Amino acid sequence: MSSAFVRRRSQGDIFEAAKVLSAVHESDGYPVEGVAEPEKWLTPAGLLAAWVAELDGRVVGHVVVNRPQPGDEAAHMWQERSGDDSSAIAVLARLFVAREARKASVGEGLMRAAMEYTRENRIRLVLDVMKKDVAAIRLYERLGWQRIGEAVHTFGGGQIDAVCFVAPA
């Protein structure tokens, strides 16, 4: 398997990323929301930047960084803990990797792109992850992210336990 190439997302990538998202949802149950309108879900309110990963010329992964929105528990927790203004906080979201690309460090490459962007822009990056997504949690911890608390993620009439993280300074 060749190595993945991470680059800024273009408008033309959204359709391909949406197909990957649908496949990831079918295999992993992620995301718990947004699959009815995947292209819309990939462009959340407050979007600052987005990246895709390509492997052998195909989009195989995706991530966004966006401004905190109402209900972003990790951002709220970090703001309370750090005293940072909300303008100095961003949320990592919409991270997913095609099953067939998971041994190619695609998730790590996407994470590093987002982390570099926020470091360059002097923004502290946070996220929440469902407790069931243990592989994602291992990745965040391996990259030095720190747990800052737990939350309950509410979606379309359902709820699921989540862990909140902040990126290394």
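Before any of the text, the structure's been laid out above.
Residues numbered from 1 in each chain as written. Predicted model: local features only at pLDDT ≥ 70, side-chain atom pairs only at ≥ 80, totals over all residues. Heavy atoms only, no water.

Chemist: Before we go on, may I ask you to explain the overall build of the chain in this structure?
Modeler: Looking only at helices and strands, the chain has 5 helices and 7 strands in total. Seen in sequence order, the chain has helices and strands lined up from the N terminus as β-α-α-β-β-α-β-α-β-α-β-β. A compact globule built from 169 residues should have a C-alpha radius of gyration of about 15 Å, and the chain, at 15 Å, falls within 12% of that. Projecting the C-alpha coordinates of the chain onto the three principal axes gives extents of approximately 45 × 40 × 30 Å. Buried positions account for 46% of the 169 residues belonging to the chain. Long-range pairs, those at least 24 residues apart, make up 64% of the contacts in the chain with a sequence separation of at least 6. (Helix = DSSP H or I, 4+ residues; strand = E, 2+ residues; numbered from the N terminus. Rg over C-alpha atoms; globule rule 2.2 N^0.38 Å. Buried < 20%, exposed > 50% of the residue type's maximum accessible area, 1.4 Å probe, protein only. Contact = heavy atoms within 4.5 Å.)

Chemist: Mind showing me how you'd approach the layout of surface pockets here?
Modeler: Empty space left among the atoms is revealed by rolling a probe the size of a water molecule over them. Computed from the structure, the largest pocket encloses a volume of approximately 1,400 Å³. Tyr30, Leu95, Val129, Asp133 and Tyr140 are the residues nearest the centre of the largest pocket, which is lined by 49 residues in total. Of all the secondary structure elements, the ones that give two or more residues to the lining of the largest pocket are helix H1 (14–28), helix H2 (38–41), strand E4 (89–97), helix H4 (106–120), strand E5 (124–130), helix H5 (134–142) and strand E6 (146–155). When the residues that make up the lining of the largest pocket are grouped by side-chain class, the tally is 26 nonpolar, 8 polar and 15 charged. (1 Å grid on protein atoms, 1.4 Å probe; cavity = no way out; pocket = protein on both sides within 12 Å on 5 of 7 lines; lining within 4 Å. Points joined across faces, edges and corners; volume = space filled by probe spheres on them. Nonpolar A, V, L, I, M, F, W, Y, C, P; charged D, E, K, R; others polar.)

Chemist: Looking at this model, I keep getting lost on the pairing of strand E7 (residues 158–166). Mind explaining?
Modeler: Put simply, side chains in a regular strand alternate between the two faces of the sheet. With 5 bridges joining them, E5 and E7 adopt antiparallel strand pairing. Bridge pairing in E7 places valine 129 opposite valine 163. Bridge analysis of E6 against E7 gives 9 bridges, and the strand direction is antiparallel. Of the residues in E7, the one forming a bridge with valine 152 is aspartate 161. Linking E6 back to E7 in an antiparallel pair, the connection comprises 2 residues, with glycine 156 at a positive phi of about 30°. (Pairing = 2+ DSSP bridges.)

Chemist: Before we go on, may I ask you to explain the packing of aromatic side chains in this structure?
Modeler: Each aromatic ring pair is specified by the distance between its two centres and by the angle formed by the two planes. Applying the stated criterion across every chain yields a total of 4 aromatic pairs. Between tyrosine 30 and tryptophan 41, the ring centres sit 6.2 Å apart and the planes meet at 75°, which makes this aromatic pair edge-to-face. Of the two residues, tyrosine 30 is situated in the loop between H1 and H2 and tryptophan 41 in helix H2; the sequence distance between them amounts to 11 residues. When sorted by exposure, tyrosine 30 lands in the same class as tryptophan 41, which is buried. With a centroid separation of 6.0 Å and an interplanar angle of 45°, the aromatic rings of tyrosine 140 and tryptophan 145 are classed as tilted. Across the pair, exposure class does not vary: tyrosine 140 and tryptophan 145 are buried alike. In this structure an aromatic cluster arises from ring pairing among Tyr140, Trp145 and Phe165. (Phe/Tyr/Trp six-rings, centres within 6.5 Å; stacked < 30°, edge-to-face > 60°.)

Chemist: Is there a simple way to explain the pattern of salt bridges in this structure?
Modeler: Two side chains carrying opposite charge are able to pair once their charged atoms lie near each other. Applying the stated criterion to the full structure yields 12 salt bridges. In this structure, arginine 7 and aspartate 13 form a salt bridge, with 2.6 Å as the shortest nitrogen-oxygen distance. The class of aspartate 13 is buried, set by a relative accessible area of 7%. Lysine 132 is paired through a salt bridge with aspartate 133; the nearest N and O atoms lie 3.0 Å apart. (Salt bridge = Lys/Arg side-chain N within 4 Å of Asp/Glu carboxyl O.)

Chemist: How should I be thinking about H5 in this particular structure?
Modeler: Along an α-helix, a turn takes 3.6 residues, which lines up residues three or four apart on a common side. Among all positions in H5, only Ile137, Leu139 and Tyr140 are buried. All buried residues of H5 project into a common sector of 160° when viewed along the axis, lining one side. Turned more than 90 degrees away from the buried face of H5, the exposed residues are Arg138 and Arg142. Here the buried face of H5 lies against E4, H4, E5, E6 and E7. Once H5 ends, the next one or two residues include glycine 144, with phi positive near 90°. (Arc of directions from axis to C-beta.)

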